[in-house]
Amino acid sequence: MLIMDLINHFDFPGGEALMEQTRQILPAVLALRDRYDAAHQPVIYANDNFGRWRSEFSHVVESCSRPNAIGSAIVQKAAPLPIHYSILKPRHSAFFMTPLKLLLDELHIRALTVVGIAGDQCVLATAIDAHTHDYPLWVPRDTMASITPARNRRASDYLHEVLGARVEDAGIDCPA
């Protein structure tokens, strides 16, 4: 399970709208994460480094969960546990210029479940790259958020129609 960009400041144009959409999907994301944990399946957090080239994942979590940070309530609930893996990414895709492919190979991962934000940007870019690497994809629609529901629907349609991803709610046929 790959969790995209939930550790976030939400301090950008459209951030408040995305934060509201994220609040709606958070229970499903965390429930699915818990199912993967219970099944001893890897959970990997892939997160924006916010242009801070000397940061490390724990510093990003700390910064985004400060009490005065806009998205702190989400980050405090969604932060990775010690058993989870984490990578920082410099751009939209979790594959671009990161060790993700090597980590997936080391873990013998043959299929990916991708969840998180933003569905029409980082989730979509990562799914396209995963498709390029021949990973079968599951992108549960109730675990993906974009700035607007319409943008999320368009991304979901693309994921299904073009990439052949399974796009259905997280409660249906969870592989974990």
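Keep in mind it's a predicted model, so treat the numbers as computed, not measured.

## Some points on the overall build of the protein
The secondary structure content of the protein amounts to 6 helices and 6 strands. Its helices and strands taken in sequence order, the protein reads β-α-β-α-α-β-α-β-α-β-β-α from the N to the C terminus. In terms of overall size, the protein behaves like a compact globule, its C-alpha atoms giving a radius of gyration of 15 Å where 176 residues would be expected to give roughly 16 Å. Taken over the C-alpha atoms alone, the protein extends approximately 40 × 35 × 30 Å along its principal axes. The burial tally for the protein puts 52% of its 176 residues in the buried class. When contacts within the protein are restricted to residue pairs at least 6 apart in sequence, those whose partners lie at least 24 apart make up 76%.

## Concerning the nonpolar core
Note that soluble globular proteins tend to have their nonpolar side chains buried in a common cluster. Among the nonpolar cores identified, the biggest contains 30 residues, and Met1, Ile3, Leu6, Ile7, Leu18, Leu32 and Ile117 are the most heavily contacted of them. Elements with a minimum of two residues in this core: helix 1 (15-38), helix 2 (57-64), helix 3 (72-78) and strand 4 (112-117). When residues of this core are assigned to their parent elements, the largest contribution, 8 residues, is made by helix 1. With sequence-adjacent residues up to four places away left out, leucine 6 is seen in contact with Thr22, Leu26, Val29, Asn47, Ile74, Val75, Ala78 and Ile117. Core analysis: the next-biggest nonpolar cluster, separate from the first, contains 27 residues, Ala46, Ala94, Leu163 and Ala165 among them.

## What about unusual backbone geometry?
Between isoleucine 117 and the following residue, alanine 118, the backbone shows a cis peptide bond with an omega angle of -20°. Positive phi, close to 60°, is recorded for methionine 97, a residue that is not glycine. Its place among the elements puts methionine 97 in the loop between strand 3 (85-89) and helix 4 (100-106). Taking relative accessible area as the criterion, methionine 97 reaches 66% and is therefore assigned exposed. In this model, histidine 108 sits at a positive phi of 60°, which is unusual for a non-glycine residue. Along the chain, the position of histidine 108 falls in the loop between helix 4 and strand 4. Accessibility expressed as a relative area gives 60% for histidine 108, which makes it exposed.

## Thoughts on the pattern of salt bridges
Counted by the stated rule, this structure contains 7 salt bridges. The partner of lysine 89 in a salt bridge is aspartate 5, with the nearest N and O atoms 3.0 Å apart. One end of the pair, lysine 89, is in strand 3; the other, aspartate 5, is in the loop between strand 1 (2-4) and helix 1, and 84 residues separate them in sequence. No difference in accessibility class separates lysine 89 from aspartate 5, as the two residues are buried. In this structure, glutamate 20 and arginine 23 form a salt bridge, with 3.2 Å as the shortest nitrogen-oxygen distance. Placement of the pair is glutamate 20 and arginine 23 together in helix 1, with a separation of 3 residues, close to one helical turn. On the accessibility criterion, arginine 23 (42% relative accessible area) is partly exposed.

Each value, and the rule that gives it
- All residue numbers refer to position in the chain's written sequence, counted from 1.
- The model is predicted, so local features are restricted to residues of pLDDT at least 70 and side-chain atom pairs to those at 80 or more, both for listing and for counting; the totals for chains, interfaces and linings are taken over all residues.
- No hydrogens and no water enter the side-chain calculation; it runs on all heavy atoms of the structure.
- For helices the rule is a DSSP run of H or I covering at least 4 residues; for strands it is a run of E covering at least 2, with both sets numbered from the N terminus onward.
- Values of the radius of gyration come from C-alpha atoms, whereas the globule rule sets the reference at 2.2 Å times the count of residues to the power 0.38.
- For every residue, the accessible area obtained with a 1.4 Å probe (protein chains only) is divided by the maximum for its type, and the residue is called buried under 20%, exposed over 50%, and partly exposed between those limits.
- Residue contacts are defined here by distance: any two heavy atoms, one from each residue, within 4.5 Å place the two residues in contact.
- Buried Ala, Val, Leu, Ile, Met, Phe, Trp, Tyr and Cys residues form a nonpolar core when they are joined through side-chain atoms within 4.5 Å.
- When a carboxyl oxygen of Asp or Glu lies within 4 Å of a side-chain nitrogen of Lys or Arg, that pair is called a salt bridge.

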